[in-house]
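Observations on the three-dimensional arrangement
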Amino acid sequence: MQIIYTIAELRLRLASQKNIGLVTTMGNLHAGHIHLVNLAKQQSDCIVVSIFVNPLQFGVNEDLAAYPRTLDADCKKLEAAGVDIVFAPSESEVYPTPQTMTILPPAIAEELCGASRPGHFAGVATVVSKLFNIVRPDVAVFGKKDFQQLFIIRQLVSQFNLPIEIVAGETIREEDGLAMSSRNGYLNPAERLEAQRLSRALKLVVDAVKKKKLGFTEIESQTTQYLTQLGWIVDYISIRNQDTLLPASTDNQKLVALGAARLGRTRLIDNIEFDLG
Ligand code: PAF
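Reference entry: report on the structure contained in this document. The written sequence of each chain sets the order in which its residues are numbered from 1. Residues qualify for local features only when their pLDDT is at least 70, as the model is predicted, and side-chain atom pairs are given and counted only at 80 or more; totals for whole chains, interfaces and linings, by contrast, use all residues. Note that the side-chain values use all heavy atoms of the structure and ignore hydrogens as well as water.

Things to note about the sheet that holds strand 2 (residues 20-25)
Between any two strands, pairing holds if DSSP finds at least two bridges. Each helix is a run of DSSP H or I of at least 4 residues and each strand a run of E of at least 2, with the numbering of both proceeding from the N terminus. Pairing is parallel across the open sheet formed by six strands, whose spatial order is 1-4-3-2-5-6. Of all strands in the sheet, those bounded by a partner on one side alone are strand 1 (2-4) and strand 6 (165-169). In this sheet, neighbouring strand axes are inclined to one another by 25° on average, regardless of whether the strands run parallel or antiparallel. Direction of pairing for strand 2 relative to strand 3 (residues 46-51): parallel, over a ladder of six bridges. By the bridge assignment, T25 is partnered in strand 3 with I51. On top of the sheet, helix 7 (residues 147-159) reaches strand 5 (139-143) and strand 6; it is set at about 170° to strand 6, its chief contact. Axis definition: a line fit to C-alpha positions, over the contact stretch in the case of helices; interaxial angles, taken between N-to-C directions, run 0 to 180 degrees. Residues are treated as being in contact if the distance between any of their heavy atoms lies within 4.5 Å.

This is the structure:
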């Protein structure tokens, strides 16, 4: 496995490479990322994993400085997973001049996570399109845990005619149901115990929708109240149409229950897709 830090060297290395698979990450890798690598390996001959904590997608009061940077441990995991190239550029390599041109994502980027993280998805879409231009992958794999991110990246690829196949990886969970995330490492032991409640609450949302006794808004607000009483600060609990991410309507069959909430200083997100058909 090669670790490459500059765009020039990466381009040289990839120049004659066919069938490239890309997994973009911010490092601090866990089994969820390795699952994405394995999916990429099924479809491509050369696997590139980028590790870059992208300042453009963090708000001023967010955890950019504290975000765990664990390059050595990450590289060991990626080598064991059979990755060919780790691309780990510095901030000045990715942003040699201020990024005054950015991707303006669709309006849905202002909802859900975008409502409490203004500009976040513009930052994500901009860095992902830069990484796509740098690596020129045939296939790129993104996790479904970041459901809204995956939706916006699919829009980026289709609306800008990028010749890249986007593959979605299932959310990998801890035994108690907590979705794996680099941010889980921020949780203290008591918070870690409580953290499983987010996925459980979303399961309750799914069950309630299937029972059809309560309206979507009632289910969302009751679940928000339930988590709030247990000490969570809830950003949203929302039932959406899987294909459009718009608020679900009663005739939609493919739905997704999404949630984002904070436990102490840790913001967790999760979602469950379900079908009423
Ligand atoms: O999902 C992430 O880790 C990041 O948002 C991504 C896609 C690597 C862009 O920085």
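From this point on, the discussion continues.
Re the layout of surface pockets
Volume-wise, the second largest pocket comes out at about 250 Å³. Residues are said to line a cavity or pocket when one of their atoms sits within 4 Å of a point; the points come from a 1 Å grid over protein atoms alone, cavities being sets where a 1.4 Å probe fits but cannot get out and pockets being open sets with protein on both sides within 12 Å along at least five of seven lines. Forming the walls of the second largest pocket are 17 residues, and the residues nearest its centre are I51, F52, V53, R69 and P89. Grouping the constituent residues of the lining of the second largest pocket by class yields 11 nonpolar, three polar and three charged. Grid points are joined across faces, edges and corners, and a volume is the space filled by probe spheres set on the points. All residues other than Ala, Val, Leu, Ile, Met, Phe, Trp, Tyr, Cys, Pro, Asp, Glu, Lys and Arg, Gly among them, are scored as polar; the first ten of these are nonpolar and the last four charged.

A look at a nonpolar patch on the surface
By definition, no residue in a patch forms a salt bridge, and every one has over 30% relative accessible area; like charges are joined within 9 Å, nonpolar side chains (Val, Leu, Ile, Met, Phe, Trp, Tyr) within 5 Å. Working definition of accessibility: Shrake-Rupley area with a 1.4 Å probe, residue cover restricted to the visible protein chains. Throughout this description, the term salt bridge denotes a Lys or Arg side-chain nitrogen within 4 Å of a carboxyl oxygen of Asp or Glu. A cluster of nonpolar side chains, namely M1, I3 and Y5, defines an oily patch on the protein surface of about 260 Å² accessible area. Within the secondary structure layout, M1 lies in the segment before strand 1.

Looking at the pattern of salt bridges
Applying the stated criterion across every chain yields a total of 11 salt bridges. Between E111 and R240 there is a salt bridge whose closest N-O contact spans 2.5 Å. Here R240 lies in strand 7 (residues 233-241) and E111 lies in the loop between helix 4 (91-94) and helix 5 (113-116), a separation of 129 residues in the sequence. Throughout, exposure labels follow a simple rule: accessible area from a 1.4 Å probe, protein chains only, divided by the maximum for the residue type, with under 20% read as buried, over 50% as exposed, and the rest as partly exposed. Judged by its relative accessible area of 28%, E111 is partly exposed. A salt bridge links R262 to D235; the shortest N-O distance between them is 3.7 Å. Placement of the pair is R262 in strand 8 (residues 254-263) and D235 in strand 7, with a sequence separation of 27 residues. One continuous salt-bridge network, built from bridges that share partners, spans K144, E170 and E273.

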